[in-house]
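# Notes for the structure review
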Amino acid sequence: MLSDGSAAEVSGSGSLEVIAPDLDAAIHWTEHGYPHPLAKWHHHPQVEFHLIREGSGLMMAGDGVLPFEEGHVALIGSNLPHNWVSDLRLGEWLDRRDVVCHVRPEVLRVLMTYFPECSGFGVALRRASHALVLSGRSASQAASCLEAMGGHKGVRRLVDFVELLAVFEKVPDDEWSTVVTPDYNPSGGSGSERLLNAAIGYVTDNLGGDIRLEEAAAQAAMSSSAFSRFFKRTAGVGFADFVRRLRIGRACRLLASTDMPVARIQRECGYNNASNFNRQFLVVTGVTPSVYRKARQGC
């Protein structure tokens, strides 16, 4: 077991993902479901454009956490650790959750240098170092560009990419936000990705059951107090709050998309009594489960 001093030396940088370049293209496009080996706490030199097609959960980037739903679009800067954790039910699988586009930052710099028309994208690139998230019409436009890339190659894909850059460059002030705090600076060291991914795996595997801090700490071979500090520093949110947000996110999805009784949803989300479920739901959403369902289902 790590001592408190040893735990403080664990890095928050995430594991390095090696993305093999396409031999005939500067733009790497892929799609995948969830769970998936690529869906983990990690980082890479490439800039990443990311679309969530289905499901809900928590986006983690640097020291920030943000809820996401279908249609979420983000731009992740070079070497910024990130992950999207979906609030799945036991045995649930999302076939087509993610669309991802990777481009090396030097490609973007060349583009901005030799094509002055693209120079304005530098603002979006600076925002991406703190995880840039779009909303509203801009998110829908960016999602369309990312989807179009999947059916195109060569010059047609390049056209889609330039259109995508234009969306991020021209996004109105009320349709973008960043996730990472301005003073974020990951510490040095190694091993945090394995520890954090093990803890996240424990939480997602047991979201509908009993989740204990002591058990999560054991997954990381730490004392409970050391693990609490490590998780907050690395994930940007306290462990208990992380669990609560995922559970309430699942409850929101079930309330909005099913006719399942609230009492059953409560149990599906790991709450043993109605009063605690209602209290936690109110803390996260600001309304009761019944009010939330009526608003989302229009009834």
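The following refers to the structure shown.

Definitions and limits used
Residues numbered from 1 in each chain as written. Predicted model: local features only at pLDDT ≥ 70, side-chain atom pairs only at ≥ 80, totals over all residues. Heavy atoms only, no water. Helix = DSSP H or I, 4+ residues; strand = E, 2+ residues; numbered from the N terminus. Expected span 1.5 Å × (residues − 1). Buried < 20%, exposed > 50% of the residue type's maximum accessible area, 1.4 Å probe, protein only. Arc of directions from axis to C-beta. Axes fitted to C-alpha atoms, helices over the stretch in contact; angles between N-to-C directions. Parallel < 35°, antiparallel > 145°, perpendicular 65-115°, else oblique. Left-handed = near helix turned anticlockwise from the far one by under 90°. Contact = heavy atoms within 4.5 Å. Pairing = 2+ DSSP bridges. Salt bridge = Lys/Arg side-chain N within 4 Å of Asp/Glu carboxyl O.

## Notes on helix H5 (residues 154–170)
An ideal rise of 1.5 Å per residue puts 24 Å on 17 residues; H5 measures up with 25 Å between its terminal C-alpha atoms. Buried within H5 we find Arg157, Asp160, Phe161, Leu164, Leu165, Val167 and Phe168. The arc enclosing the buried residues of H5, seen along the axis, measures out at 155°, which places them on a common side. Exposed residues lying more than 90 degrees from the buried face of H5 are Val155 and Lys170.

## Let's talk about the packing of helix H4 (residues 136–150) against H5
Across the interface, H4 lies against H5 with an axial gap of 9 Å and an inter-helix angle of 165°. On the basis of the axis angle, H4 is roughly antiparallel to H5. When the axes of H4 and H5 are compared, the crossing they make is left-handed. Residues Ser138, Gln141, Ala142, Cys145, Leu146, Ala148, Met149 and Gly150 of H4 form the contact with H5, whose participating residues are Arg157, Asp160, Phe161, Glu163, Leu164, Val167 and Phe168.

## What about the environment of Ala221?
Looking at the secondary structure, you find Ala221 in the loop between helix H7 (213–219) and helix H8 (224–235). Residues Ala221 and Leu195, spaced 26 residues apart in sequence, show a C-alpha to C-alpha distance of 8.3 Å.

## Digging into the pairing of strand E6 (residues 64–68)
When strand E5 (residues 57–61) meets E6, the two strands line up antiparallel, connected through five bridges. Its bridge partner being in E6, Gly57 is matched across the sheet by Phe68. The loop that links E5 with its antiparallel partner E6 comprises two residues; one of these, Gly62, has a positive phi angle of about 55°.

## Some details on the pairing of strand E9 (residues 94–103)
Taken across its 10 residues, E9 has eight buried, putting it largely inside the fold. Inspection of the sheet shows strand E2 (residues 28–34) paired to E9 by six bridges, in the antiparallel sense. Counterpart to His28 in the pairing with E9 is His102.

## Some details on the pattern of salt bridges
For the coordinates displayed, the defined rule picks out 13 salt bridges. Across the pair Arg53 and Glu147 runs a salt bridge whose closest N-O atoms are separated by 2.9 Å. Note that Arg53 is positioned in the loop between strand E4 (47–52) and E5 and Glu147 in helix H4, a separation of 94 residues in sequence. Residue classification places Arg53 among the buried residues on the basis of a relative accessible area of 11%. Judged by relative accessible area, which is 31%, Glu147 ranks as partly exposed. Each of Glu31, Arg53 and Glu147 takes part in a single network of salt bridges with overlapping partners.

## Regarding the packing of helix H6 (residues 192–205) against helix H9 (residues 239–257)
When two helices pack together, their arrangement is given by the angle between their axes and by how far apart the axes lie. At their nearest, the axes of H6 and H9 sit 11 Å apart, and the two run at 40° to each other. As far as their axial angle goes, H9 and H6 are oblique. The way H6 lies across H9 gives a crossing that is right-handed. On H9, the residues that touch Ile200, Val203 and Thr204 of H6 are Phe239, Phe242, Val243 and Leu246.

By themselves, these figures tell us nothing about what the structure is for.
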